[in-house]
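# A structural walkthrough
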Amino acid sequence: MHYPWWYVPQATAPMLIAAISVIHVLISHYAVGGGLFLAVETTHAYRTENRDYLAYLKRHSRFFVLLTIVMGAITGVGIWWTIGLASPLATQVLIRTFVFGWAIEYVFFLLEIVSAFVFYYYWDRLPRRVHLASVWIYGLSAWASLVIIAAITAFMLDPGTWPVNRCFWAALMNRQSLPQIVARTGGSLLLSSLYVYLHAAITIRDQKVHSLVESRATRPALAGILMVAAGGALWFVNLPGSAQSALIAAPVLNVFMGLLFLTAGIVVFLLFLGPCLNPGWTAGPGFAASLFLFGIIAFSTGEFIREAVRKPYILYNVVLGNQIFPEEVARFREKGYLQSGVWTRAYVVKSHPEAIINGRVDTKKLLDLPREERTRIGGVIFQHHCNDCHATSLGYAPVAPLVQGWSPRMIRSLVTDLEHVRFTMPPWSGNDDEAELLTDYLTSIAPARPAGMLPEKIQK
Amino acid sequence: MTPNTLIDTSSSIGLPAPVWFIELFKALGFTLHQVPMHLWYAGIVLAMLLSVFGCEHGRRCSGRLMVQMPIIVALGVNFGIVPLLFIQVGFAPLFYPATILMAWFWLSIIVLMIPAYYGVYVYAFGLAEESPMAVWKRAAGWVSALFFLVMGFLFTNGLSLMENVGGWMELWHKQSIHGAVLGLGLNVADLRLWPRWLLTFGLALTTTGAWIAVDSSWFARRETYEYRAWAKRFAWRVYTFGVFWFLLAGSWYVFGTWSEELKQEMFGRSWGVLTGLTIMAPAGPWLLLWGVGRQQDDIGKSRAAFIGLAQFVVLGLYAANRQLVQHLTIRPYYDLTAQPTTVQWSPLVAFLVTFVLGLGVIGWLLRELARLPAEGKSEAA
């Protein structure tokens, strides 16, 4: 461990990233798709001289600016904030690798803000040519931001040849980039249509205008579905083997995949049933809200799956889930986890100076400590090695119920063979003494086997 | 055990840009960020006070500031990304541990930012659409003012804790379980925190004063002559108050908390000129404001621009000085210049090209706005 570990009871720190990310993607994709929608539709409304439609688009722009410029921007910064707190090493690698990618994305972000304000605040005041230019600048800048961010998140799942050549462009143009760009662009178009349906259902009273909005919003939605399907298929084909296996093997991902297909299917079905077969249905807030709700469930589920299939890595083949580099595992095993981690070593130095021999942590000395102290140090190893993905007794994937009723021998066997027991777990990164200490801790929190079960009777 | 043992400098990934580049963009970004940040930090409080206790012109000034505030906040958030990006590029081994030690408070900045930002919008829309404004909309303005002050305090905590490596161990042991950080620490035991927070507020007042002058000349053409005359005098008063505040808090910071070694460096032959210029720099805009306040005629766009530019120089000098103090303070623990560097030249060039093109597009948009007839211009801009 290079950095201190932040203990978040029950949830675990990385789940805070998920919580903020879900909110952000639901807004940021609308910021892209909605921007392109406004650009295309404002152009159309000017061309057809449709003042009613322009009036609606202006109202929608206000909602758009209030949601995307405020919530979108702040939750975007929020993700950055949270990853730095929960996964500092991975964040450091991402920041140093892609600093100029972020910097380029920043320029587009600045363009988005300036052009969005010009477009909204100067409506009716600017010449049409300039007004349209401002919204197209916004839409294209937002999409360019998406391209860069999608490529960087794709790097997290497939670093390409970067681990060998450390080349920025190789990192950016990995095999996952194009599928994610296609899928996210499609998702943006689809999601923005769902936002438009809902906004129109609530704010438009004129049936004629509503029909126009509905028919215009359905086109990008259908295009979006096709792009999501194509990008999703490409994404799956290009997944690393472990990620494909995780999708099949992990029960939680099975459930989420089922949920994704179910809700995405419902969205497609409702789009077909509503706007395609029965125009006017989306005028009802209930129908529009249902579409929106299923859409955001599908979107959030997809994001969760995308994040989860990386295990045991935070950055595939670059940073492990327990916040160390894969190439460090051998050294950690040889020198000891407590000795090799900056903050774990400091903990032992402070709490058990008698275990420091010649400036190094002597784990044999730690084994001589009273049981309570051994358990406490085992807790230190658990926090830094395991808490990234496991809560303690309650919460997100808690470890205590996972080893319920296990004997110390079984637990120790699990600890030293982590990556073989489950390929989604990082390799054990400590020495044998530390495995004992972690076993002590896990044994201390493992609940007893539930009474009254058949094997106990057989044993008797 | 020395504090250095808590800093990991074993990163296998070198700096992606030359140190001078990181420093330049960090300082430039911070300078740009300070302008809108100062306006929300001190400007909202000032606007809210003026809305209650101000004269007719004061209330008008308050309204002008608050109507502009949504755009100011948007730009402030945007500009803030630059220094935060480069601080993470260069100073990750210090930045991450410091923010993790106070994780919940650091994260709460995001939580506070959302209602504060929306509060500004609620108040600004209330000004534009209603008279008198609903009580809850007024309350939203006060809540925003309070939240921005709290956020400033938390920011100062994070960045001062980054420099207070010697205080990490105690915070960690007070707030941890099995060696894992609870994230409930604050750097309040560090005496440097308080004057830093206060001197930023003083500097923010000066920027607000300068902005009121710039605004009255550039964007308030539809206001009465009396308002503009009042605004230039008021701008000088706010600036004067800010300078006094800045000097008092700054003196406390420098003479009350700096080590002898740091004082010798900052006032010695190496950096004495920069330190002197930083201290003296606010005198420039202050004198300009004093001068225009004594004249009968309008400030005039060019003089207002000069005041704005002079204040930008003040902020730039402060940013450079701040950066230098940061370097000297953390030098015993971490030396940026000693980090391995592998410059990514082609991405760097791609960024610079995008940056220039982006500025060109923004320049074109602003030029189009400038071409609009005066009566067509938005007050919000």
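Analysis parameters
Residues numbered from 1 in each chain as written. Chains lettered and ligands numbered in written order. Predicted model: local features only at pLDDT ≥ 70, side-chain atom pairs only at ≥ 80, totals over all residues. Heavy atoms only, no water. Helix = DSSP H or I, 4+ residues; strand = E, 2+ residues; numbered from the N terminus. Buried < 20%, exposed > 50% of the residue type's maximum accessible area, 1.4 Å probe, protein only. Areas by Shrake-Rupley, 256 points an atom, 1.4 Å probe, with all protein chains shown as cover. Lys, Arg positive; Asp, Glu negative; His and termini not counted. Charge placed at Lys NZ, Arg CZ, Asp CG, Glu CD. Phe/Tyr/Trp six-rings, centres within 6.5 Å; stacked < 30°, edge-to-face > 60°. Lys NZ or Arg CZ within 6 Å of the ring centre and 35° of its normal. Salt bridge = Lys/Arg side-chain N within 4 Å of Asp/Glu carboxyl O. Patch = residues over 30% accessible without salt bridge, like charges linked within 9 Å, V, L, I, M, F, W, Y side chains within 5 Å. Domains from an automatic or database assignment. Contact = heavy atoms within 4.5 Å. Buried area = accessible area lost by both parts, 1.4 Å probe. Polar contact = N/O pair within 3.5 Å; in protein donor to acceptor, adjacent residues only side chain to side chain. Nonpolar A, V, L, I, M, F, W, Y, C, P; charged D, E, K, R; others polar. Core = buried A, V, L, I, M, F, W, Y, C linked by side-chain atoms within 4.5 Å.

The helix and strand inventory of chain A stands at 22 helices and 4 strands. Principal-axis analysis of the C-alpha atoms gives chain A an extent of 85 × 55 × 35 Å. Counting every position in chain A, which comprises 460 residues, the buried fraction comes to 61%. Roughly 17700 Å² of accessible area belongs to chain A as shown, and the carbon and sulfur atoms make up 66% of that amount. With 36 positive and 28 negative side-chain charges, chain A shows a spacing of 6 Å between the two charge centroids.

This brings us to the packing of aromatic side chains. Taken as a whole and judged by the stated rule, the model has 53 aromatic pairs over all chains. An aromatic cluster of three or more residues is present, and its members are Phe100 of chain A together with Trp20, Phe21, Phe25, Phe86, Phe351 and Phe355 of chain B. One Lys or Arg, arginine 62 of chain A, reaches over the ring of phenylalanine 125 of chain B and ends 3.9 Å from the middle of that ring. Over the face of the ring belonging to tryptophan 218 of chain B we find lysine 301 of chain B, whose NZ or CZ atom lies 5.0 Å from the ring centre.

Side chains that differ in sign of charge can pair as their charged atoms come close. Residue and element names in this part refer to chain A. Under the counting rule described, the total for this entry stands at 29 salt bridges over all chains. The salt bridge partner of aspartate 124 is lysine 58, with a shortest N-O separation of 3.6 Å. Within this pair, whereas aspartate 124 is found in the loop between helix H4 (99-121) and helix H5 (128-157), its partner lysine 58 is found in helix H2 (residues 51-86), the two being separated by 66 residues in sequence. A relative accessible area of 31% places lysine 58 in the partly exposed class. Salt-bridge contacts for arginine 376 lead to glutamate 372; the nearest nitrogen and oxygen are separated by 3.5 Å. Placement of the pair is arginine 376 and glutamate 372 together in helix H17 (residues 371-385), with a separation of 4 residues, close to one helical turn. According to the relative accessible area criterion, arginine 376 is partly exposed, its value standing at 33%. Ionic contacts of the salt-bridge type, sharing partners, join the residues Arg184, Glu303, Arg306, Glu307 and Arg310 into one network.

All right, on to the environment of alanine 134 of chain B then. Relative to the helices and strands, alanine 134 of chain B resides in the loop between helix H4 (103-129) and helix H5 (135-163). Along the sequence, alanine 134 of chain B and tyrosine 123 of chain B sit 11 residues apart, while their C-alpha atoms lie 9.3 Å from each other.

Right, let's get into a nonpolar patch on the surface. Residue and element names in this part refer to chain B. A contiguous nonpolar patch, built from Leu28, Leu32, Phe306, Leu309 and Phe312 and spanning about 440 Å² of accessible area, is present on the exposed surface. Looking at the nonpolar patch, the elements that each hand over two or more residues are helix H1 (19-41) and helix H12 (301-330). For the nonpolar patch, the element with the highest residue contribution is H12, accounting for 3 residues. Tracing the chain through its elements places leucine 309 in helix H12.

All names here are of chain B. With respect to the helices, strands and loops of the structure, arginine 294 is situated in helix H11 (residues 283-294). Arginine 294 gets classed as exposed once you look at its relative accessible area, which sits at 58%. Each C-alpha atom of the pair arginine 294 and aspartate 8 lies 57 Å from the other, and the pair is 286 residues apart in sequence.

Here the focus is the domain arrangement of chain A. Quoted interface sizes are often the accessible area lost when the parts come together. Residues and elements named next belong to chain A. Structurally, chain A comprises domain 1 (13-320) and domain 2 (327-445). In this complex, domain 1 contributes 12 residues to the contact, which on the side of domain 2 involves 10 residues. Buried surface at the junction of domain 1 and domain 2, both sides included, amounts to about 990 Å², of which 66% is carbon and sulfur. If you sort the residues of domain 1 by the area they bury against domain 2, Lys311, Pro312 and Leu320 come out on top, with a joint share of 42%. For the interface between domain 1 and domain 2, the tally reads 0 salt bridges. Taken together, the links from domain 1 to domain 2 amount to 1 residue pair in polar contact (both at pLDDT 80 or more). Those elements that provide at least two residues to the side of domain 1 that touches domain 2 are helix H1 (13-47) and helix H10 (241-249). When residues in the side of domain 1 that touches domain 2 are grouped by element, the largest group, 4 residues, is from H10. Residue composition of the side of domain 1 that touches domain 2, grouped by class: 9 nonpolar, 2 polar and 1 charged.

What follows covers the nonpolar core. Residues Trp40 and Trp168 of chain B are the most contacted members of the largest nonpolar core, which totals 280 residues. If one sorts the elements of this core by residue count, helix H3 (residues 56-101) of chain B sits on top with 25 residues. No fewer than three residues from each of domain 1 (13-320) and domain 2 (327-445) of chain A sit in this core. Excluding residues that lie within four positions of it along the chain, tryptophan 168 of chain B makes contacts with Trp343 of chain A together with Leu6, Ile7, Pro93, Leu94, Pro97, Ala98, Leu101, Leu161 and Met162 of chain B. Judged by nonpolar contacts, the second largest core, of 13 residues, contains Ala243, Phe304, Ile305 and Ala308 of chain A.

What follows deals with the interface of chain A and chain B. Tallying the contact residues gives 75 residues for chain A and 81 residues for chain B. Of all residues in chain A, Trp81, Arg96 and Phe100 of chain A give up the largest surface area on contact with chain B, accounting jointly for 13% of the area buried on that side. Our enumeration of links across chain A and chain B arrives at 2 salt bridges. A salt bridge links glutamate 129 of chain B to arginine 62 of chain A, with the shortest nitrogen-to-oxygen separation between them at 3.2 Å. Secondary-structure elements contributing two or more residues to the side of chain A that touches chain B are H1, H2, helix H3 (88-97), H4, H5, helix H7 (168-172), helix H15 (342-351) and H17 of chain A. Examining the composition of the side of chain A that touches chain B, we find that 17 residues originate from one element, H4 of chain A, more than from any other. Residue composition of the side of chain A that touches chain B, by class: 55 nonpolar, 12 polar and 8 charged.

Residue and element names in this part refer to chain A. Looking at the secondary structure, you find alanine 264 in helix H11 (residues 251-277). On the accessibility criterion, alanine 264 (29% relative accessible area) is partly exposed. C-alpha of alanine 264 to C-alpha of methionine 1: the two residues are 263 residues apart in sequence and 40 Å apart in space.

Residue and element names in this part refer to chain A. For the bond from lysine 311 to proline 312, the omega torsion is 15°, close enough to zero to count as cis. One can find proline 312 in the loop between helix H12 (285-308) and strand E1 (313-315). Phi at arginine 166 is positive, roughly 55°, even though this residue is not glycine. Here arginine 166 lies in the loop between helix H6 (162-165) and H7. Residue arginine 166 is classed as partly exposed on the basis of its relative accessible area, which comes to 37%. At glutamine 323, a position not held by glycine, the phi torsion is positive, near 65°. Looking at glutamine 323, the relative accessible area reads 2%, which means it is buried.

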